[in-house]
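# Chains, contacts and geometry: an overview
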Amino acid sequence: MSKEINTIGVLTSGGDAPGMNAAIRAVVREAIAKGKRVKGIQRGYAGLLQEEIADMEAKDVSDIIQRGGTILQTARCLEFTTAEGQQKGAEICRKHGIDGIIVIGGDGSFKGAQKLAALGINTIGLPGTIDLDIACTEYTIGFDTAVNTAMEAIDKVRDTSTSHERCSIIEVMGRGAGYIALWCGIANGAEDILLPENYDYDEQKLVNHIIENRKRGKKHHIIVNAEGIGHSASMAKRIEAATGVETRATILGHMQRGGSPTCKDRVYASTMGAMAVDLLCEGKSNRVVGYRHGNFVDFDIDEALSMEKSISPYQFEISRNLSL
């Protein structure tokens with residue numbers, strides 16, 4: 001018989017993402033509504049091991065749903081990748097009376113959650129990453145805000161690129177995944193999109209495309225480059241030398257992580273946070289909340305981590321056709 005959950009811990013781990021605060025707020029208030037206590041853990045697994053743990057009340061999450069970042073802060077923690085660190089984390093949870101813990105983060109964070117679950121701490125993961133690279137879910141907390149931030153920035157760069165008749169290489173975030181680049185490439189009408197999943201590193205194709213477009217009368221050329229490919233500045237120099245077209249690189253960087261979350265990120269993150277509490281109250285553990293086919297669902301963490309995700313070949317094909 002599953003143990004009753006009386007106290008729920010919540011932490012954010014890995015990179016911050018807009019909407020994490022909405023999820024934290026939902027966890028705290030859903031838990032209190034169900035008669036549970038909540039403890040906030042600062043700085044992710046690092047804070048857990050340092051016992052940076054405090055009680056949270058409903059008022060502690062007032063006026064945070066519109067804020068970017070995470071009020072619990074976040075950090076990387078190498079110690080928690082070790083068996084000793086994981087055992088210490090489980091013992092600290094028990095010391096503070098934490099029966100269940102909600103981890104908001106990406107794949108790396110879920111591996112830590114998986115270990116805590118194996119050590120007897122009921123654990124639920126929420127997909128918090130702007131990269132959209134968690135295979136079990138079609139939505140991750142922060143992606144919608146990040147991709148809209150990048151889209152608006154690229155629109156502004158395009159204005160200057162057109163005025164000066166330049167080629168612009170705009171690098172967006174995403175680590176080894178190309179979802180932000182693909183979405184921005186389509187939304188911004190980019191002439192070329194470079195994705196880690198299928199880029200062949202043949203720059204001559206880019207050079208030829210730029211020259212062909214100039215002959216057809218195009219005044220600018222936008223290349224959206226994914227972080228997983230990178231090297232935008234050196235690429236710009238090579239392309240300018242090969243084409244004679246002034247080429248500039250713009251790296252959008254961490255601005256994509258910040259800012260007030262969109263309505264979608266607030267609503268979806270709130271729903272996922274509440275659902276995580278409900279799952280713990282049902283006695284479930286080692287689960288990840290996701291969104292698939294229009295429904296909020298949950299998966300076994302082991303199953304979720306074994307899944308693979310790929311870029312839609314159809315979306316990439318139409319991105320090329322629409323850029324003509």
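Everything in this summary refers to the structure shown in the same document. (Residues numbered from 1 in each chain as written. Predicted model: local features only at pLDDT ≥ 70, side-chain atom pairs only at ≥ 80, totals over all residues. Heavy atoms only, no water.)

The next thing to look at is the side chain of Arg257. Residue position: Arg257 is located in the loop between β9 (247–251) and α9 (263–281). Within the structure, Arg257 has its side chain in polar contact with the backbone oxygen of Asp16 (distance 3.2 Å). (Helix = DSSP H or I, 4+ residues; strand = E, 2+ residues; numbered from the N terminus. Polar contact = N/O pair within 3.5 Å; in protein donor to acceptor, adjacent residues only side chain to side chain.)

What follows covers the packing of aromatic side chains. Evaluated as defined, the whole model comprises 7 aromatic pairs. Measuring from centroid to centroid gives 4.8 Å for Tyr139 and Tyr268, while their planes differ by 65°, and the two rings are edge-to-face. You can see Tyr139 sitting in the loop between β5 (122–127) and α5 (143–163) and its partner Tyr268 sitting in helix α9, a full 129 residues away along the chain. Centroid distance Tyr268 to Tyr291: 4.9 Å. Interplanar angle 40°. Geometry classified as tilted. Note that Tyr268 is positioned in helix α9 and Tyr291 in strand β10 (residues 287–292), a separation of 23 residues in sequence. What makes Tyr268 buried here is its relative accessible area of 18%. Following the ring pairs from residue to residue traces out a cluster consisting of Tyr139, Tyr268, Tyr291 and Phe296. (Phe/Tyr/Trp six-rings, centres within 6.5 Å; stacked < 30°, edge-to-face > 60°. Buried < 20%, exposed > 50% of the residue type's maximum accessible area, 1.4 Å probe, protein only.)

Turning to the sheet that holds β10, a few remarks are in order. Pairing within the open sheet is mixed, and its 7 strands lie in the order β3-β2-β1-β4-β5-β10-β11. Pairing within the sheet leaves two strands with one partner each, and these edge strands are β3 (53–56) and β11 (295–300). Put simply, the sheet's adjacent strands are angled 30° from each other on average, direction ignored. Direction of pairing for β10 relative to β11: antiparallel, over a ladder of 6 bridges. Note on β11: the bridge partner recorded for Val288 is Phe299. (Pairing = 2+ DSSP bridges. Axes fitted to C-alpha atoms, helices over the stretch in contact; angles between N-to-C directions.)

In this section: the packing of helix α7 (residues 203–215) against helix α8 (residues 232–243). Packing of α7 against α8 brings their axes to within 10 Å, and their N-to-C directions diverge by 50°. One finds that α7 runs oblique with respect to α8. Here the hand of the crossing between α7 and α8 comes out right-handed. Residue-level contacts link Glu203, Leu206, Val207, Ile210 and Ile211 of α7 to Met235, Arg238, Ile239, Ala242 and Thr243 of α8. For the contact of α7 with α8, the per-class residue count stands at 7 nonpolar, 1 polar and 2 charged. (Parallel < 35°, antiparallel > 145°, perpendicular 65-115°, else oblique. Left-handed = near helix turned anticlockwise from the far one by under 90°. Contact = heavy atoms within 4.5 Å. Nonpolar A, V, L, I, M, F, W, Y, C, P; charged D, E, K, R; others polar.)

It is worth spelling out the side chain of Asp144 at this point. By secondary structure assignment, the location of Asp144 is in helix α5. Lys264 is the oppositely charged side chain nearest to the buried, salt-bridge-free Asp144, at an N-O distance of 4.9 Å. For Asp144, the side chain forms a polar contact with the side chain of Thr262, separated by 2.6 Å. Excluding its chain neighbours within four sequence positions, the residues that come into contact with Asp144 are Thr262, Lys264 and Asp265. (Lys, Arg positive; Asp, Glu negative; His and termini not counted. Salt bridge = Lys/Arg side-chain N within 4 Å of Asp/Glu carboxyl O.)

Next up on the list: the sheet that holds strand β6 (residues 167–172). Taking strand neighbours across the sheet as the criterion, the 4 strands line up as β7-β8-β6-β9 in an open arrangement whose pairing is parallel. Both edges of this open sheet fall to β7 (192–194) and β9, since each of them pairs with a single strand only. Recorded for the sheet is a direction-independent mean angle of 15° between the axes of neighbouring strands. Alignment of β7 against strand β8 (residues 221–226), held across 3 bridges, turns out to be parallel. By the bridge assignment for β8, Ile193 is matched with Val224.

In summary, the side chains of a regular strand alternate between the two faces of the sheet. Here 2 bridges tie β5 to β10, and the two strands are oriented parallel to one another. Residue Gly125 lies in a different strand from β10, and its bridge partner there is Val288.

Now for the pattern of salt bridges. Summed over all chains, the structure comprises 18 salt bridges. Across the pair Lys205 and Asp200 runs a salt bridge whose closest N-O atoms are separated by 2.6 Å. Residues joined by salt bridges that share partners form a network here, namely Arg37, Lys39 and Asp55.

Looking at where Ile41 falls in the secondary structure, it is placed in strand β2 (residues 37–41). For Ile41, a relative accessible area of 0% corresponds to the buried category. Once the C-alpha coordinates of Ile41 and Glu51 are considered, the two residues, 10 residues apart in sequence, prove to be 7.8 Å apart. For Ile41, the residues in contact, after removing those within four places along its chain, are Gly9, Val10, Leu11, Gly47, Leu48, Glu52, Ile53, Leu72, Ile98 and Ile101.

Next up on the list: the environment of Ile65. Relative to the assigned elements, Ile65 resides in the loop between β3 and α3 (83–95). Each C-alpha atom, one on Ile65 and one on Pro18, is 9.5 Å from the other, the two residues being 47 residues apart in sequence. If near-sequence neighbours (up to four positions away) are discounted, Ile65 is found in contact with Ala22, Arg25, Pro261, Arg266 and Ser270.

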